[in-house]
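Examination of the molecular architecture
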Amino acid sequence: MFVKSASEGWHTFWVAAGSPRALAAYRLSFGAAAIAAAINCLFGLLVAWVLVRYRFGGRRCLAR
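Only a predicted model underlies this, so the values are computations on that prediction, with no experimental measurement involved.

On to the overall build of the protein chain, then. Per the secondary structure count, the protein chain includes four helices and zero strands. Counting helices and strands in the order they occur from the N terminus, the protein chain gives α-α-α-α. Overall size of the protein chain, expressed as C-alpha extent along the three principal axes, is 65 × 25 × 10 Å. Across the 64 residues that make up the protein chain, the buried fraction comes to 5%. About 6,000 Å² of surface is accessible on the protein chain, with carbon and sulfur atoms providing 72% of the total.

Printed below as a string of structure tokens:
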């Protein structure tokens, strides 16, 4: 597969990488990653705040 794709040349690669289907795939991938990062940031801050602010059983295990 590598030899076949390398034999086509850079022009063919850039045409395929800039096709509407590829651009839609990039948008979907990077959009989903950005949403997942935002959700992880939100819940990570919430969990950190709870661990610092409150005392509860099992807190020591979660903080490690």
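Time to look at a nonpolar patch on the surface. A cluster of nonpolar side chains, I35, I39, L42, F43, L46, W49, Y54, F56 and L62, forms an exposed patch at the surface whose accessible area comes to about 940 Å². Among the elements that line the nonpolar patch, the one with the most residues is helix 3 (residues 20–53), at six residues. Checked against the element boundaries, L62 lands in helix 4 (residues 59–63).

Right, let's talk about the environment of R60 for a bit. Checked against the element boundaries, R60 lands in helix 4. Residues R60 and F30 lie 30 residues apart in sequence; the distance between their C-alpha atoms is 36 Å.

With that out of the way, let us pick up the confidence of the model for the protein chain. Any region with low pLDDT has predicted coordinates that should not be read closely. For the protein chain, per-residue confidence averages 89 on the pLDDT scale, and 97% of positions sit at 70 or higher. Per-element mean pLDDT across the protein chain ranges from 76 in helix 4 up to 95 in helix 3.

Our next topic: the packing of aromatic side chains. What the rule picks out here adds up to three aromatic pairs. Seen in terms of ring centroids, F13 and W14 are 5.0 Å apart; in terms of plane orientation they differ by 70 degrees. Their pairing is edge-to-face. On the numbers, 5.7 Å between centres and 85 degrees between planes, the contact of W49 with Y54 is edge-to-face. Through successive ring pairs, a cluster of aromatic residues spans W10, F13 and W14. Taking NZ or CZ as reference, R53 lies 5.9 Å from the ring centre of Y54, over its face.

Parameters at a glance
- Residues numbered from 1 in each chain as written.
- Predicted model: local features only at pLDDT ≥ 70, side-chain atom pairs only at ≥ 80, totals over all residues.
- Heavy atoms only, no water.
- Helix = DSSP H or I, 4+ residues; strand = E, 2+ residues; numbered from the N terminus.
- Buried < 20%, exposed > 50% of the residue type's maximum accessible area, 1.4 Å probe, protein only.
- Areas by Shrake-Rupley, 256 points an atom, 1.4 Å probe, with all protein chains shown as cover.
- Patch = residues over 30% accessible without salt bridge, like charges linked within 9 Å, V, L, I, M, F, W, Y side chains within 5 Å.
- Salt bridge = Lys/Arg side-chain N within 4 Å of Asp/Glu carboxyl O.
- pLDDT = per-residue confidence, 0-100.
- Phe/Tyr/Trp six-rings, centres within 6.5 Å; stacked < 30°, edge-to-face > 60°.
- Lys NZ or Arg CZ within 6 Å of the ring centre and 35° of its normal.

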